[in-house]
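Chain and residue survey
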Amino acid sequence: MRHLVFLFTFSLFLISCKQKDTKQEGSTIIEKELDSTEQQISIDTFTKKDTATNIPTIEQMVLDIRNEFKRINSLRLTQKEYKFFCDADNTITYYTDNGKVIKITIAWGFVGDGSSTSEYYYKDDKLIFTYETHTGGPANGPDTKNEFRTYVNNDKTIQHIKNQKVIDCATCQFNKSSREYKALRAYNTGNITTALCK
């Protein structure tokens with residue numbers, strides 16, 4: 001009888017140990033699945049954040065262009081100035097850094113009762129920003145001044161501002177026949193009048 005009780009108790013002990021092992025295995029599998037799910041969630045979240053930060057907003061692109069504008073204007077640049085004539089006497093000035101044009105200014109002179117100036121900024125031979133002013137008015141009245149800022153990314157206007165107010169773009173797409181690129185090419189050809197007056 002003692003042997004039977006001992007065998008019965010020992011059998012129960014083995015069965016309970018087996019159940020504990022099964023429970024531990026099961027809980028380890030669930031923990032691994034949870035860890036895997038958490039890792040996947042954190043990877044997905046990281047990917048979404050990473051993707052979001054890799055696509056700059058218009059505000060970020062404008063800020064980057066402003067920073068480049070400030071950087072260019074803080075450099076000691078080499079200047080070359082040329083006179084040319086289109087309806088009036090005009091002046092174009094090329095600003096270079098290590099032989100590369102990064103800024104162009106054009107004083108368009110007086111036509112009628114007004115004058116205009118243009119500034120073009122480039123990075124890696126691509127237009128990034130234009131700043132233009134138009135000053136004029138009636139002969140016996142006060143002069144008015146309008147300022148236009150155009151922020152450009154990949155030859156497309158991303159923001160156009162007139163007198164501190166965002167408006168629809170006047171030129172929304174730039175290409176090799178745009179005045180800004182003609183002026184840039186004229187630096188190498190020296191034929192400024194043909195590039196800018198026709």
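Above this note sits the structure.
Per-chain numbering applies: the sequence of each chain, read as written, is numbered from 1 onward. Only residues with pLDDT of 70 or above have their local features reported here, since the model is predicted, and side-chain atom pairs are shown and tallied only from 80 upward, although totals for entire chains, interfaces and linings are computed over all residues. Values shown for side chains rest on all heavy atoms present in the structure; no hydrogens or waters enter the calculation.

Structural notes on the layout of surface pockets
Computed over the protein atoms alone on a 1 Å grid, cavities are sets of points where a 1.4 Å probe fits but cannot get out and pockets are open sets with protein on both sides within 12 Å along at least five of seven lines; a residue lines them when it has an atom within 4 Å of a point. Grid points are joined across faces, edges and corners, and a volume is the space filled by probe spheres set on the points. Counted as a void, the largest pocket has a volume near 260 Å³. Counting only elements with at least two residues in the lining of the largest pocket, the list comes to helix H2 (58-74), strand E5 (126-136) and strand E6 (144-153). No other element matches the four residues that H2 contributes to the lining of the largest pocket. Asp, Glu, Lys and Arg are counted as charged, while Ala, Val, Leu, Ile, Met, Phe, Trp, Tyr, Cys and Pro are counted as nonpolar; the rest, among them Gly, fall into the polar class. Across the lining of the largest pocket, the residue classes tally to six nonpolar, two polar and six charged. Per the convention used, a helix needs a DSSP run of H or I reaching at least four residues, while a strand needs a run of E reaching at least two, with both numbered from the N terminus.

Points about the state of the cysteines
Throughout, disulfides are identified as pairs of cysteine sulfur atoms within 2.5 Å of each other. Applying the stated rule across the entire model yields two disulfides. What pairs with Cys 86 in a disulfide is Cys 197, and their sulfur atoms sit 1.3 Å apart. Of note, the bridge from Cys 86 to Cys 197 carries an S-S torsion of about -55 degrees and is left-handed in sense. With Cys 86 in the loop between strand E1 (78-85) and strand E2 (89-97) and Cys 197 in helix H4 (residues 192-197), the pair connects residues that are 111 residues apart, well separated along the chain.

A look at the pairing of E1
The side chains of a regular strand alternate between the sheet's two faces. Looking at chain direction, E1 and E2 are connected through eight bridges and run antiparallel. By the bridge assignment, Phe 84 is partnered in E2 with Asn 90. The rule for pairing is simple: two strands pair if DSSP sees at least two bridges between them. What sits between E1 and E2 in their antiparallel hairpin is a turn of three residues, with Asp 87 showing a positive phi close to 65 degrees.

What to know about the side chain of Thr 150
Along the chain, Thr 150 turns up in strand E6. Using a relative accessible area of 6% as the deciding quantity, one classes Thr 150 as buried. With residues up to four places along the chain from it excluded, the contact list for Thr 150 reads Ile 128, Phe 129, Thr 130, Thr 157, Gln 159, His 160 and Phe 174. Think of it in three bands: with a 1.4 Å probe and only protein chains considered, a residue is buried below 20% of the maximum accessible area for its type, exposed above 50%, and partly exposed in between. We call two residues contacting when some pair of their heavy atoms lies within 4.5 Å.

With respect to unusual backbone geometry
Of note in the backbone geometry, Asp 87 takes a positive phi value of approximately 65 degrees without being a glycine. For Asp 87, the location among the structural elements is in the loop between E1 and E2. Judged by relative accessible area, Asp 87 falls into the exposed class, the value being 71%. Not every positive phi belongs to a glycine, and Asn 98 is a case in point at roughly 55 degrees. Secondary-structure assignment places Asn 98 in the loop between E2 and strand E3 (100-111). According to the relative accessible area criterion, Asn 98 is exposed, its value standing at 76%.

Thoughts on the nonpolar core
The biggest cluster of nonpolar side chains holds 21 residues, and the ones touching the most others in it are Phe 84, Ile 92, Tyr 94, Ile 104, Ile 106, Tyr 120 and Leu 196. For this core, the secondary structure elements donating two or more residues are E2, E3, strand E4 (114-123), helix H3 (179-189) and H4. Residues within four places of Leu 196 in sequence aside, it is in contact with Phe 84, Cys 86, Ile 92, Ile 106, Trp 108, Arg 179 and Ala 183. Only buried residues count toward a nonpolar core, which is a set of Ala, Val, Leu, Ile, Met, Phe, Trp, Tyr and Cys residues joined through side-chain atoms within 4.5 Å. With 14 residues, the next largest nonpolar core counts Val 62, Leu 77, Tyr 121 and Tyr 151 among its residues.

Taken by themselves, the reported measurements are silent on function.
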